[in-house]
Amino acid sequence: MSVNYGSKRTVVGAHYGIRDWLVQRVTAVLIVLFTVAVLAQMVFSQGPIGYDLWAGIFSAQWMKFVTFGVIISLAWHVWIGVRDVWMDYVKATGLRLVLQVFTIVWLVGCAGWGFQVLWRL
């Protein structure tokens, strides 16, 4: 008989809870800092807010690098959240797998589109 309490309890599952919890927090902080930085550049800019301002903000190589990291962080953040929703609320294994694969394909497509937009500036 297996013990299901205390230090000798039987642990089942994928064992990635603390890692995912930490990734969610770190990526959220990165996304917030990036958003604040972009908003600050817009607020303190001179002239009208239009394409020229956006192109100017994202034309510097360091900003493209930071934006690349934020796009990856955003995709990772969303993946963990949506995957957890699928695991918690979709009990049919086949449907859950289809939804997870669709989510991965969608996020890769969105990230690729974001990179395409970023490098066209």
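Our subject in this report is the structure included herewith. The model shown is predicted, which means the values in this text are computed figures rather than measured ones.

### Structural notes on the overall build of the protein chain
Looking only at helices and strands, the protein chain features 4 helices and 0 strands. Along the protein chain, helices (α) and strands (β) appear in the sequence α-α-α-α when read from the amino end. Sequence separation of 24 or more characterises 62% of the internal contacts of the protein chain that already satisfy a separation of 6 or more. Looking at the protein chain as shown, the accessible area adds up to about 8900 Å², and 72% of this sits on carbon and sulfur atoms.

### Comments concerning helix H2 (residues 51-59)
Given 3.6 residues per helical turn, the α-helix brings residues three or four places apart onto the same face. Restricting attention to buried positions, one finds in H2 the residues Leu53, Ala55, Ile57 and Phe58. Its buried side turned inward, H2 meets helix H1 (17-43), helix H3 (61-89) and helix H4 (93-120).

### Re the packing of aromatic side chains
Tallied over the full model, the rule gives 6 aromatic pairs. Relative to phenylalanine 58, the ring of phenylalanine 34 has its centre 6.4 Å away and its plane inclined at 45°; by these criteria the two rings are tilted. With phenylalanine 34 in helix H1 and phenylalanine 58 in helix H2, this pair connects stretches of sequence that are 24 residues apart. Just as phenylalanine 34 is buried, phenylalanine 58 falls in that class too. For the pair tryptophan 54 and phenylalanine 58, a centre-to-centre distance of 5.7 Å together with 5° between the ring planes defines the contact as stacked. Taken together, the positions of tryptophan 54 and phenylalanine 58, both in helix H2 and 4 residues apart, correspond to about one turn of that helix.

About the criteria used
Residues numbered from 1 in each chain as written. Predicted model: local features only at pLDDT ≥ 70, side-chain atom pairs only at ≥ 80, totals over all residues. Heavy atoms only, no water. Helix = DSSP H or I, 4+ residues; strand = E, 2+ residues; numbered from the N terminus. Contact = heavy atoms within 4.5 Å. Areas by Shrake-Rupley, 256 points an atom, 1.4 Å probe, with all protein chains shown as cover. Buried < 20%, exposed > 50% of the residue type's maximum accessible area, 1.4 Å probe, protein only. Phe/Tyr/Trp six-rings, centres within 6.5 Å; stacked < 30°, edge-to-face > 60°.

In short, geometric facts, not functional conclusions.
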